[in-house]
Amino acid sequence: MRVLLLLLFNVILLPSFSASAQTQSSEQNSSSEPDSFYSKKKPVLNEMDSPIKNRWIFSLSGGFSNNNENSFEYAGVSALGLVTRHFGIETAIEINPGDDTKPQYESYNRISFSGVWFIGGIAPRSSINPYLKSGFVWQSIWDSETETTNREGLTLSAGGGFKFRVSQFSFGFEALYILPTVGGTQGTDIPGSFNLSFTIGFHASSSLWMLLLPIAFF
C-alpha cells in the first residue's frame, strides 16, 4: 500500500514541479536576452566621441585693421555651424562706419565665408580650443565725398586663433591676414590688411537662435 501511494505521489506532483522549473528558467532567459541585445546595440559612448550638442556658435566681434593706407576699428557678427567636432563653416559681417564728424571719410565693409578647423576638436565642456581659419572675403569701401562705393573686390584670408569656452559661452582672440582684392585696377584695388579681433560667442543647439541676433543692435 505504501509503495502504491508513493508511486501516485510521484506521478501527480513531479510534473507540476518540472513545469514550474521550466517556467522560471524561461523567464530568466527572456529577461536576460533583451539586456544582452541592448548592450550589444547601444554600447556606452565616450564623451569625446558623442555627437555635438551645441552645433552653432553665434558671436559678436570687435577689432583693429591695419594696411599701408589706413588703420581703423571695426565691429561685426558671425555664425559658425559645426559640421564635425573638428570642422565648421562660418559666415561673418564686419563694418567700420567711418568718422562722420569729418567732411570726408571712408566706410569699410566686409562679408566673409570661411572654413574653421579646430585643432584637436572642440570640446563639449569648458576648455581652450585653438583653430585655423581660411576663406573668401568680399570688401568694399564707401566714400562720403562721392557718396558711392568707389572700391570693392573679392579676396582670400588666412589666420587662426582660439576660443576659451565656459559653459554655453566662449571668449576668443583671432589674428587674420586679408590679401589684396582680386581684379582691381591700379589705384582702385584694396590693399592687404592685418586684423586682430576679440569675440564673445554663444553656443546653441539650434539655428533658430539666429533670430535673436538683431537684439544685439538695440
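Further up the page is the structure itself.
The present account deals with the structure reproduced in this document. Note that the structure is predicted; figures quoted are calculated from it, not measured.

**Side note on the overall build of the protein chain**
Along its length, the protein chain carries one helix and eight strands. Across the protein chain, helices and strands are ordered from the amino to the carboxyl terminus as α-β-β-β-β-β-β-β-β. Expressed as a percentage of its 218 residues, the buried residues of the protein chain come to 33%. Of the contacts formed within the protein chain by residues at least 6 apart in sequence, a portion of 56% connects residues at least 24 apart.

**Some thoughts on the nonpolar core**
By size, the foremost hydrophobic cluster in this structure holds seven residues: Ile 57, Leu 80, Leu 82, Val 116, Phe 118, Ile 122 and Tyr 131. Elements represented by at least two residues in this core include exactly strand E2 (71-82) and strand E4 (106-118).

**Describing the pattern of salt bridges**
All told, the structure shown has four salt bridges when counted by the stated rule. Among the ionic pairs, Glu 69 bridges to Arg 151, the shortest N-O distance being 3.2 Å. Placement of Glu 69 in the loop between strand E1 (56-66) and E2 and of Arg 151 in strand E6 (residues 148-166) is noted, with a sequence separation of 82 residues between them. We classify Glu 69 as partly exposed; its relative accessible area is 46%.

**Section: the side chain of Asn 195**
The residue Asn 195 is located in strand E8 (residues 193-204) in this model. In this structure Asn 195 comes out as buried when scored by relative accessible area, which is 3%. In terms of polar contacts, Asn 195 uses its side chain to reach the side chain of Ser 65, at 2.8 Å. There is a polar contact of 3.3 Å between the side chain of Asn 195 and the backbone oxygen of Ser 193. Filtering out sequence-adjacent residues up to four positions away, Asn 195 remains in contact with Phe 64, Ser 65, Tyr 74, Arg 110, Glu 174, Ala 175, Leu 176 and Ile 178.

**Overview of unusual backbone geometry**
Of note in this structure, Ser 167 is not a glycine but carries a positive phi near 60°. Residue classification places Ser 167 among the partly exposed positions, given a relative accessible area of 47%.

The rules we used
- Residues numbered from 1 in each chain as written.
- Predicted model: local features only at pLDDT ≥ 70, side-chain atom pairs only at ≥ 80, totals over all residues.
- Heavy atoms only, no water.
- Helix = DSSP H or I, 4+ residues; strand = E, 2+ residues; numbered from the N terminus.
- Buried < 20%, exposed > 50% of the residue type's maximum accessible area, 1.4 Å probe, protein only.
- Contact = heavy atoms within 4.5 Å.
- Core = buried A, V, L, I, M, F, W, Y, C linked by side-chain atoms within 4.5 Å.
- Salt bridge = Lys/Arg side-chain N within 4 Å of Asp/Glu carboxyl O.
- Polar contact = N/O pair within 3.5 Å; in protein donor to acceptor, adjacent residues only side chain to side chain.

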